[in-house]
Amino acid sequence: MQPSIEDEIQPALYFTEDMPIVKEDEYVFRYALNQLPKLGPNQLAIHLFQVLQMEPLQLIALFQNTLERSFQLNDLVVLVLSGDQLVARKTFTIEEVPVLLPKATLPLWLDFSEEEQFVKLSTLDAPLELVFSNEQLTDLVIDDSFTASEQRLIRQIAFSHPAPPTDGWSLLPVSIFKQEQIVESILLVRNPSGQTLELDSLAFELLLGDQVVAVTRHASVTVSPQSEQAVRLLFDYTAHPSDALALRYLPE
């Protein structure tokens, strides 16, 4: 149910002494605030105000709070999106983001590290937007055998997909890379339950259409509760550039 016009709120803009702005900048912030849609009671919102730097990503956001009380932004996950593509993700703590005052709008300067940014902004077509995330899986395990670019891709895929139901584990494909004489695949073993997941081994087929062109097996995997772990699969197969390959898990 949408709030009525009488219930709509435009929380007042607040500045603190440590903000790196001059008096003239305040008018720009106030103009931007007036362009934002009004909120209903007891809501939180986040909006992109300005991109300061692209690599690494630095931006200014407007956090809005229409609660009647202050709100502590501890372990708050914020996603940067471009259309349907996940660009960056950051978990903010109370050390990085202060408490929001009741019915207030607060500008905040946000810095994303290299690990928190997944794509280059210069490659994007759609404008950026900020959203809160309600993720349930809390731990992503990536060992040092993965390159920096692979780790970035794994994070992007992991954080782009909602958590699976808590009554079982699942597999989430990340990528299939065609090498000279092998095919490498990365996938995530996801365990949203409160119990440790122990798998003796994982068997997979590599498919070209309906045809099985290779098989492989991954050694035992142990995944902690409410976490997901990246694993690498190697198939002994020489693929053509045009091959549309897929994976199939073989339950035992």
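Criteria and thresholds
Residues numbered from 1 in each chain as written. Predicted model: local features only at pLDDT ≥ 70, side-chain atom pairs only at ≥ 80, totals over all residues. Heavy atoms only, no water. Buried < 20%, exposed > 50% of the residue type's maximum accessible area, 1.4 Å probe, protein only. Helix = DSSP H or I, 4+ residues; strand = E, 2+ residues; numbered from the N terminus. Pairing = 2+ DSSP bridges. Arc of directions from axis to C-beta. Contact = heavy atoms within 4.5 Å. Core = buried A, V, L, I, M, F, W, Y, C linked by side-chain atoms within 4.5 Å. Axes fitted to C-alpha atoms, helices over the stretch in contact; angles between N-to-C directions.

Draft legend 1. Molecular detail of the pairing of strand S5 (residues 85-92). Counting buried positions over the eight residues of S5 gives six, a clear majority of the element. With seven bridges connecting them, strand S4 (residues 76-82) and S5 associate as antiparallel partners. Bridging across to S5, Leu 79 finds its partner in Arg 89. In this antiparallel pair of consecutive strands, S4 and S5, the connection spans two residues, and Gly 83 shows a positive phi of 65 degrees.

Draft legend 2. Here's a closer look at the sheet that holds strand S2 (residues 44-53). The strand order across the open sheet built from four strands is S1-S6-S3-S2, with neighbouring strands paired in mixed fashion. Each of the sheet's edge strands pairs with one partner strand only, and the pair in question is strand S1 (12-13) and S2.

Draft legend 3. Geometry of helix H1 (residues 23-35). All buried positions along H1 are accounted for by Glu 26, Phe 29, Ala 32 and Leu 33. Taken end-on, H1 shows its buried residues confined to a sector of 125 degrees, consistent with a single buried face. In H1, the exposed positions angled more than 90 degrees off the buried face are occupied by Glu 24, Tyr 27, Tyr 31, Asn 34 and Gln 35. Residues of H1 that are buried in the fold lie against S1, S2, strand S3 (58-65) and strand S6 (104-111).

Draft legend 4. Here's a closer look at the nonpolar core. By size, the foremost hydrophobic cluster in this structure holds 39 residues, and its most contacted members are Phe 63, Val 80 and Ile 154. When residues of this core are traced back to their parent elements, those giving at least two are S3, S4, S5, S6, strand S7 (128-132), helix H2 (148-160), strand S9 (170-178) and strand S10 (183-191). No other element matches S4, which puts six residues into this core. Leave out the neighbours within four places in its chain, and Val 80 touches Leu 57, Leu 59, Gln 85, Leu 86, Val 87, Ala 88, Phe 112, Leu 128, Glu 129 and Leu 130. The next biggest cluster of nonpolar side chains, apart from the first, holds 18 residues, and it includes Leu 197, Ala 214, Val 231 and Phe 235.

Draft legend 5. Fine view of the sheet that holds S10. Here we have four strands laid out as an open sheet, ordered S8-S15-S10-S9, and mixed in their pairing. Pairing within the sheet leaves two strands with one partner each, and these edge strands are strand S8 (139-141) and S9. Each adjacent strand pair in this sheet contributes to an overall mean axis angle of 20 degrees, direction not counted. Bridge count between S8 and strand S15 (residues 227-235): three bridges; the pairing is parallel. Looking at the pairing, Leu 140 lines up with Glu 228 of S15. Here H2 sits on the sheet and contacts S8, S9, S10 and S15; the angle it forms with S9, its principal contact strand, is near 145 degrees.

It is worth stressing that arrangement in space is one thing and function is another; only the former is reported here.
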